[in-house]
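# Observations on the three-dimensional arrangement
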Amino acid sequence: MSDKGPLYIGFDLSTQQLKALVVDHDLNLRYEAKVHFDDDLSKYGITKGVLTNPSEGEIYAPVAMWLDAIELVLSRLRDQGCQFQRIKGLSGAGMQHGTVFWSLAADKLLASLDPDKTLQAQLEPSTKVSEREGAFSHPDSPNWQDASTQKQCDAFDRELGSPEELANETGSKAHHRFSGPQIMRWSQKYPAEWKNTSRISLVSSFIASVFLGKVAPIDIGDVCGMNLWHIAKGQWHEKLLKLVGGKEHVDDLKAKLGQVPEDGGGSFGRISNYFVKRFGFPDDCSIIPCTGDNPATILALPLRPADAMVSLGTSTTFLMSTKEYKPDPAYHFMNHPTTAGLYMFMLCYKNGGLAREQIRDQLGSSASWDEFNSAALNTAPLAQSQPNDPMRLGLFFPRHEIVPNVRAGQWRYNYDSVTQKLEQEANDVVESDARVIVESQMLSLRLRSQKLVHPVKDSSGKTLPAQPRRVYLVGGASSNPAIARIAGDVLGGVEGVYKLDIGGNACGLGAAYKATWGCERQNGQSFEDFIGQRWNEDQFVKRITDGYREGVFEKYGEAIKGFELMESTVIEQASRE
C-alpha cells in the first residue's frame, strides 16, 4: 500500500464510545482508534456513556465529554503513526436523534480556537461563571434512550391529525427520542437557555461543526430523524415548527435549525485552523456532511436498491435502500444519505437475540445453540408435518415490544390458511419453538417490507415472486447456520443470503467511505457506483446459504395473513388486560 496517497477519516460517535477510522484511496483500513467513555472519561460520572434522571425519564450525555473524546481519539491515531497531513476528507456518523444546543457565543468561539489549548477548555470550560461563557447554551445532549417526551409526542400526533399522517409527512410517527419532541420539551423546561441558543445540531452535525470551526448544516438523511422535516416537500415542516416554537417564533426556530443542503457529498468547507496547527491536518482537508449511525451503516456495504440488511444483535434492525416511499407508523423512512431519489427504510425491534436465547434456555438443561439449531432445522417450515396441517405461529417478547406495541409475553397459535382461522395453543414450550421464534422474527420483517420489494428474475430469466435481491446478515447471530437458513426461507433473496463481517466498524467505515466519495467523485457519479468500483466485497462478504426456495417461500407468503391476524389478536387481548 502506498504511503503517499490521500487518506480519509470517518468518525463514529455512539452512546458509549468514539471511534476514528482512516482509509486510503482504495478504501483499505489504515488506522483505527477508539475512546471508551466509561473507561477513559469516567470523570464525567457517566454509566454506559450517559447520565440519567429517572424521575423524569431523562437520559443525556455531557457534550464536554465528546470534546475530550475527539482530542483523545486523534492523539491515539497520532501515536499509531497516522499521517494527518495526508487526510484530504473527513466525515462522521453520530447516534441518531441526540440534540446539541449552541449558545450565542458559539460561532465566535469555534472560529477563534487556540491550538495550544484543548477543545473542552475553550468551548465548555468547567470554570465558567455563566452559560454565556461557553459554546453551549446547555451542557448536556438528550440521548436516543430518553423517554421524557410523551406529552410532546402526543402533541405531534394530534397536530397532523394522526400518527399515520405524521409518518406520511415526516417518515415516522412521533417517538420519545426524536429531536422535534425533544426540542419542544427542552425549550419549555429551559426558557432562559433557549433564549441564549443560536443554533441546534444533531450529534452528526455537531461532529462536523467542531471540525469545520463553525456550526455546520444538518445532513439530508439524518434530518429525517427529527419529526420536523417534510420529506416530500424537502423542507422544514411549517405546521410542526409552529407547534414547537410557537406561531410567532417560526422564523427564529428555522434560523436555529439552519438550511439543509440536498447534496450529501457536497463539502461544507475546509477544516478549522485549530486542527491544522494542533494535529497537522492539511489546510485543504474537506468537511463532508456527517450523517446518522443507521444511514452510515447502509453506506458501509454499500447497500443497493432491493437489498436487505438484517442486524441480529440483542435487538433486531432491518434496513433497505429503496426508491419506494410508503411510510407507516410501524417503521421509519429517511432520505438516503448520499443518493437523491432513494430512501432508507428501517425497522427497529427491542426483541432479537434475547427472545432467541429465551427459547434456547427453555428447550433443555444444556441451553446450547447446537441443541437449538438441531431442533430448528429438524422442524419443517411452520411446523407442518403434512402440507394441510395447521401452520404453527408465535410471538415471543422478553421485553415490551414496539413493533407491534405489545407487553412482554409468549403467545402460540395454529393457523389454517384455507379457512384463515386462528386457534390459540396452550402456552407450553415444545421443540418446534426453536424454528417458530426465528420464523416469527423474519415474518414480521417480511410483512412490513412487502410493499417495497418487486418480482425479480433469477439467473435463467425466470420471474420469481417479489423479494430482496440479496439478504445480508450482520451482528452476533449472523454466523448461526440455522438462523441464516430460516431467514432465507422466509425473506427469500434471489441471489442468496450473505454474511457481512466488518466487525463493529460499520458506522465509521460508512462515514470514511462518504468522505472519500465526497472528495474524489467525478461529476454526477453516484455513491454506489463510486464505492462499487473500489470496495473489496470478497474481504467483507461471504455467501452462506441460498435465499429463495421454490414452494417454501410461497408457503410463508400464505402464513403472512395468519401472522398479521395473530398480531392484531394479541394487541386486542392486551388492550383488555
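Look up: the structure comes first, before these words.
As a starting point, this report considers the structure included with it. Predicted model only: the values in this text are computed from it and were never measured.

### Side note on helix 17 (residues 481–491)
Among the eleven residues that make up helix 17, ten are buried, leaving the element largely enclosed by the rest of the structure. Taken together, the buried positions of helix 17 are Ala482, Ile483, Ala484, Arg485, Ile486, Ala487, Gly488, Asp489, Val490 and Leu491. Measuring from the side-chain oxygen of the N-cap residue of helix 17 to the backbone nitrogen of Ala482 gives 3.0 Å; that N-cap residue is Asn480. Positive backbone phi, at 80°, marks Gly492, one or two positions downstream of helix 17.

### Thoughts on the pairing of strand 22 (residues 421–424)
Two elements, strand 21 (residues 409–416) and strand 22, share four bridges in a ladder whose sense is antiparallel. Opposite Tyr413, over in strand 22, you have Gln424 as the bridge partner. Here strand 21 hands over to strand 22 after four residues, with Gln420 in that stretch at a positive phi of 55°.

### Thoughts on the packing of aromatic side chains
For the structure shown, the criterion picks out 28 aromatic pairs. The ring of Phe553 is capped by Arg446, whose NZ or CZ atom sits 3.8 Å from the centre of that ring. Positioned over the ring face of Tyr498 is Arg470, at 4.3 Å from the centre of the ring.

### Here we look at the packing of helix 15 (residues 369–377) against helix 17
Between helix 15 and helix 17, the least distance of the axes is 9 Å, while the angle of their chain directions is 30°. Classified by the angle between their axes, helix 15 and helix 17 sit roughly parallel to one another. Here the hand of the crossing between helix 15 and helix 17 comes out left-handed. Residues Asn373, Ala376 and Leu377 of helix 15 form the contact with helix 17, whose participating residues are Pro481, Ala482, Arg485 and Ile486. Each residue belonging to the contact of helix 15 with helix 17 can be placed in one class, and the counts come to five nonpolar, one polar and one charged.

### Notes on the sheet that holds strand 21
Pairing in this open sheet of three strands is antiparallel, and the strands run 18-21-22 from one edge to the other. Two strands lie at the open edges of the sheet, namely strand 18 (391–397) and strand 22, each paired on one side alone. For this sheet, the mean angle separating the axes of adjacent strands, direction not counted, is 30°. Against the sheet, helix 14 (residues 353–363) touches strand 18 and strand 21, its axis set at about 85° to strand 21. Along the sheet, helix 21 (residues 552–576) contacts strand 18, strand 21 and strand 22; its crossing angle with strand 18, the most-contacted strand, is approximately 45°.

Calculation notes
- Sequence order as written defines the numbering, with residues in each chain counted from 1.
- In keeping with the predicted nature of the model, local features appear solely for residues at pLDDT of at least 70, side-chain atom pairs appear and are counted solely at 80 or more, and the whole-chain, interface and lining totals rest on all residues.
- Computation of side-chain values covers all heavy atoms of the structure but excludes hydrogens and water.
- Only protein chains enter the accessibility calculation, which uses a 1.4 Å probe; a residue is then buried when its area is under 20% of its type maximum, exposed when over 50%, and partly exposed in between.
- A run of H or I in DSSP counts as a helix once it spans at least four residues, and a run of E counts as a strand once it spans at least two, with each numbered from the N terminus.
- Within 3.5 Å is the distance limit for a polar contact, defined as a pair of N or O atoms, with the added protein rule that one can donate a hydrogen and the other accept it, and that residues adjacent in sequence qualify only through two side-chain atoms.
- Here, any two strands with at least 2 DSSP bridges between them count as paired.
- For Phe, Tyr and Trp, where Trp contributes only its six-membered ring, two rings pair if their centres lie within 6.5 Å, and the inter-plane angle classes them as stacked under 30 degrees, edge-to-face over 60, or tilted in between.
- Lysine NZ or arginine CZ positioned within 6 Å of the ring centre and within 35 degrees of the ring normal marks a charge as sitting over the ring.
- Axes here mean lines fitted to C-alpha atoms, for a helix over just the part in contact, with angles spanning 0 to 180 degrees between N-to-C directions.
- Angular relationships are summarised with four words: roughly parallel below 35 degrees, roughly antiparallel beyond 145, roughly perpendicular across 65 to 115, and oblique for the angles in between.
- In this scheme, a crossing is called left-handed if the near helix is turned counterclockwise away from the far one by less than a right angle; it is called right-handed if the turn is clockwise.
- For this analysis, residues touch if any pair of their heavy atoms sits within 4.5 Å.
- Residue classes follow a fixed rule: Ala, Val, Leu, Ile, Met, Phe, Trp, Tyr, Cys and Pro count as nonpolar, while Asp, Glu, Lys and Arg count as charged, and any other residue, Gly among them, counts as polar.

Keep in mind these values describe shape, not function.
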